[in-house]
Amino acid sequence: MTLLEQSKKYQYLAMTFDEIQFPSPTISHLIGSNDGLNWIDLKQYDFGWRDPSLAKYQDYWYVCYTGGIARTKDWETFESLGAPLEATGCYTWAPEWVIDAQGWHLIYAQNQPNTDDQTFNLYVVDFDPDSGRVKDGTKQPVNVDYVQGNPIDPNVNIINGQYYLWVREKPLELHLYRANELLGPYEPIATNFLDIQKGLADEGPEMIQIDGQWILFSDPWGGWIPKRRLYYSKAIDNDLTNWSTMQPIEGLSFMPRHFGIVEQFAAVVKSMNSLVADLNTAINQNETKFNSIKNVLNDTSLTESIGIVDSGYLDRSLYLQLVSLFPRLNKKLASVAQLAKTAGVTDANGYPYVAPSLSVPTGLAIDDVYLGIINENFSMISQFLDQIEQRIV
């Protein structure tokens, strides 16, 4: 079995590094997991890339890291794409991929020229995954209202159309921010994570949703963690302001540090299958009721037995069921679209998929308009899933 075939067995892939000694040597590893918390070492490399981030595009896996960008089709051999983020007299640290409706971007930390490592700011450039090149003239600063300042190790998640940014700031603290645009302005979100750190130094934040649960990975050390390695914390009740006590990831014989984690194609298929199952259940439940209603519209003596208040109207329970169904399905469709972007699944023109927006029928009368909304919703869902499925088969 090739390394590529072996890697496809895991729902989550990550690249990390083992820091033998600070600041070098380091050794890169490819690791896999099916729950994001317990990992297996798939490959130890003969190089050491610090702070890697992964993204998938067609047959390529792209890796950006402190010092450069590379891509691979098989996880065995890598094509170097140079170090386009570097600037004379500057430190350039921990770039990360961000893929949104506008395309591919890199967000990274860079200090002021010919200064020490206490003058960092965040920047964004646009990236073309077809050519493997940073787009000229696209470098822009990120506008953040920092709690402490001097940010490094940016990590961005897009949740309900908003950008959530984790960074490490002086003095080695993790802070969370939110904005409506990738470039900001970002406002701070107060969390309990400084209490979770308990005075430890921490860096390398990586937040990802695993089976509906938000998980924050980070790279703490000091005190009761004498050697740097990856730990995770769970958002209690999925509240991003309230985090659980940190626990170490398990399964590896070395000490993994700051990593880039992605969910693979299998996760897209899994989410699609779950969505299809929900849809089939909803269709079966609601079409049965609709057909029953339509069959007895002219027989008022039967309307009471199926819950119709008056001929041609829905009872309250069915009304509430339908009103809540489509917002839930909108969230599932958005989740599928985001997973597709993360896994590098694009449409035939190379653009990220955008989930359809389902209409919510609000009336009680079962007329042609009402049934038309229902049928159009199911049609949009079917077309959306078919398009993605054709691209990942």
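Sequence order sets the numbering: in each chain, residues are counted from 1 along the sequence as written. Confidence filtering applies because this is a predicted model: local features only for residues at pLDDT of at least 70, side-chain atom pairs given and counted only at 80 or more, and all residues used for totals across whole chains, interfaces and linings. Just so you know, side-chain values use all the structure's heavy atoms and leave hydrogens and water out.

### Considerations on unusual backbone geometry
Argument step 1. Cis geometry marks the peptide bond from K170 to P171, where omega comes out at -5°.
Argument step 2. The numbering of helices and of strands both runs from the N terminus, where a helix is a DSSP run of H or I of at least 4 residues and a strand a run of E of at least 2. Tracing the chain through its elements places P171 in the loop between β14 (162-169) and β15 (173-179).
Argument step 3. For the peptide bond that leads from G184 to P185, omega is 10°, which places it in the cis range.
Argument step 4. Tracing the backbone shows P185 in the loop between β15 and β16 (187-189).
Argument step 5. The backbone phi angle of D237 is positive, close to 55°, even though this residue is not glycine.
Argument step 6. Turning to its location among the elements, D237 is positioned in the loop between β19 (231-234) and β20 (247-248).

### A look at the environment of F378
Argument step 1. Mapped onto the fold, F378 is located in helix α5 (residues 368-392).
Argument step 2. Sequence-wise, F378 and F326 are 52 residues apart; in three dimensions their C-alpha atoms are separated by 10.0 Å.

### Concerning the side chain of R71
Argument step 1. Here R71 is to be found in strand β6 (residues 68-72).
Argument step 2. Under the rule applied, a polar contact is a pair of N or O atoms within 3.5 Å (in protein, one hydrogen donor and one hydrogen acceptor; residues adjacent in sequence only if both atoms are side-chain atoms). Of note is the side chain of R71, whose polar atom sits 2.8 Å from the side chain of Y62.
Argument step 3. Other than its neighbours up to four places away in sequence, R71 contacts Y60, W61, Y62, T77, F78, E79, L81, P129, D130, S131 and G132. Working rule for contacts: check all heavy atoms of both residues, and any pair within 4.5 Å makes them a contact.

### Overview of the confidence of the model for the chain
Argument step 1. Summing up the model confidence of the chain, the mean pLDDT is 84 and the portion of residues at 70 or higher is 81%.
Argument step 2. Across residues 292-312 the pLDDT falls below 50, and counting only partners more than four positions away or on other chains, this stretch makes 23 contacts in the model. Predictor confidence is given residue by residue as pLDDT, running from a minimum of 0 to a maximum of 100.

### Looking at the sheet that holds strand β18 (residues 213-218)
Argument step 1. Two strands are counted as paired when DSSP detects at least two bridges linking them. The sheet built from four strands is open, its strands ordered β17-β18-β19-β20 with antiparallel pairing. Two strands in the sheet have a free side with no partner beyond their single neighbour: β17 (206-210) and β20.
Argument step 2. In this structure, β18 lies alongside β19, joined through four bridges in antiparallel fashion. Within β19, the residue paired with I215 across the bridge is K234.

### Focus: the packing of aromatic side chains
The description of an aromatic ring pair rests on the distance of the ring centres and on the angle between the ring planes.
Argument step 1. When two rings of Phe, Tyr or Trp (its six-membered ring) have centres within 6.5 Å they constitute a pair, described as stacked for plane angles under 30 degrees, edge-to-face for angles over 60, and tilted for the intermediate range. Following the criterion strictly, the structure yields 26 aromatic pairs and no others.
Argument step 2. Arranged with centres 4.6 Å apart and planes meeting at 35°, the rings of W93 and F120 form a pair that is tilted. With W93 in strand β8 (residues 92-100) and F120 in strand β10 (residues 120-128), the pair connects residues that are 27 residues apart, well separated along the chain.
Argument step 3. Aromatic ring contacts, followed pair by pair, group Y45, F47, W49, W61, Y65, W75 and F78 into a single cluster.
Argument step 4. Sitting above the plane of the Y60 ring, R71 keeps its charged end 4.1 Å from the centroid.
Argument step 5. Only Lys NZ and Arg CZ are tested; either one counts as a charge over a ring when it is within 6 Å of the ring centre and within 35 degrees of the ring normal. One cation-aromatic arrangement involves K73 over Y60; the distance from NZ or CZ to the ring centre is 4.8 Å.

### Looking at the pairing of strand β1 (residues 12-19)
Argument step 1. Only protein chains enter the area calculation, which uses a 1.4 Å probe; residues under 20% of their type maximum are buried, those over 50% are exposed, and those in between are partly exposed. Buried residues dominate β1, accounting for eight of its eight residues.
Argument step 2. Because side chains alternate across β1, one face comprises the buried residues Y12, A14, T16 and D18, and the other comprises L13, M15, F17 and E19, equally buried.
Argument step 3. Relative to strand β21 (residues 260-263), β1 runs antiparallel, the two sharing four bridges. Of the residues in β21, the one forming a bridge with Y12 is E263.
Argument step 4. Sheet topology places β1 next to strand β2 (residues 26-33); eight bridges connect them, and they run antiparallel. Its bridge partner lying in β2, A14 is registered against I31.
Argument step 5. The antiparallel pairing of β1 with β2 creates a hairpin that spans six residues between the two strands.

### Notes on the sheet that holds β15
Argument step 1. The strand order across the open sheet built from four strands is β13-β14-β15-β16, with neighbouring strands paired in antiparallel fashion. Among the strands making up the open sheet, the edge pair consists of β13 (152-159) and β16. When strand polarity is set aside, the average angle formed by the axes of neighbouring strands in this sheet is 30°.
Argument step 2. Here β13 pairs with β14 via six bridges, running antiparallel. Following the sheet pairing, V156 is matched in β14 by L165. To get an axis, fit a line to the C-alpha atoms, keeping to the stretch in contact for a helix; angles then go from 0 to 180 degrees between the N-to-C directions.

### As for the pattern of salt bridges
Argument step 1. Salt bridge, as used here: a side-chain nitrogen of Lys or Arg that lies within 4 Å of a carboxyl oxygen of Asp or Glu. Taken as a whole and judged by the stated rule, the model has eight salt bridges.
Argument step 2. For E19, the salt bridge is made with R50, and the minimal N-O distance between the two is 2.7 Å. Taken as a pair, E19 in strand β1 and R50 in the loop between β3 (40-44) and β4 (53-57) lie far apart in primary sequence, 31 residues in all.
Argument step 3. As a salt-bridge pair, E19 and R257 come within 2.8 Å of each other at their nearest N and O atoms. Of this pair, E19 sits in strand β1 while R257 sits in the loop between β20 and β21; the two residues are 238 residues apart in sequence, bridging distant segments of the chain. The pair E19 / R257 is uniform in exposure class, with both members buried.
Argument step 4. Among the charged side chains, a network of salt bridges with common partners joins E19, R50, R168, E203, D219, R228 and R257.

### Focus on the pairing of β4
Argument step 1. For β4, the buried fraction is high: five of the five residues fall into the buried class.
Argument step 2. In β4, alternate side chains face the same way, and those of S53, A55 and Y57 on one face and L54 and K56 on the other are all buried.
Argument step 3. In this sheet, strand β5 (residues 60-65) lies alongside β4 in antiparallel orientation, the contact comprising five bridges. Of the residues in β5, the one forming a bridge with S53 is C64.
Argument step 4. Hairpin connection between β4 and β5: a loop of two residues separates the two successive antiparallel strands, and Q58 in this loop has a positive phi of roughly 50°.

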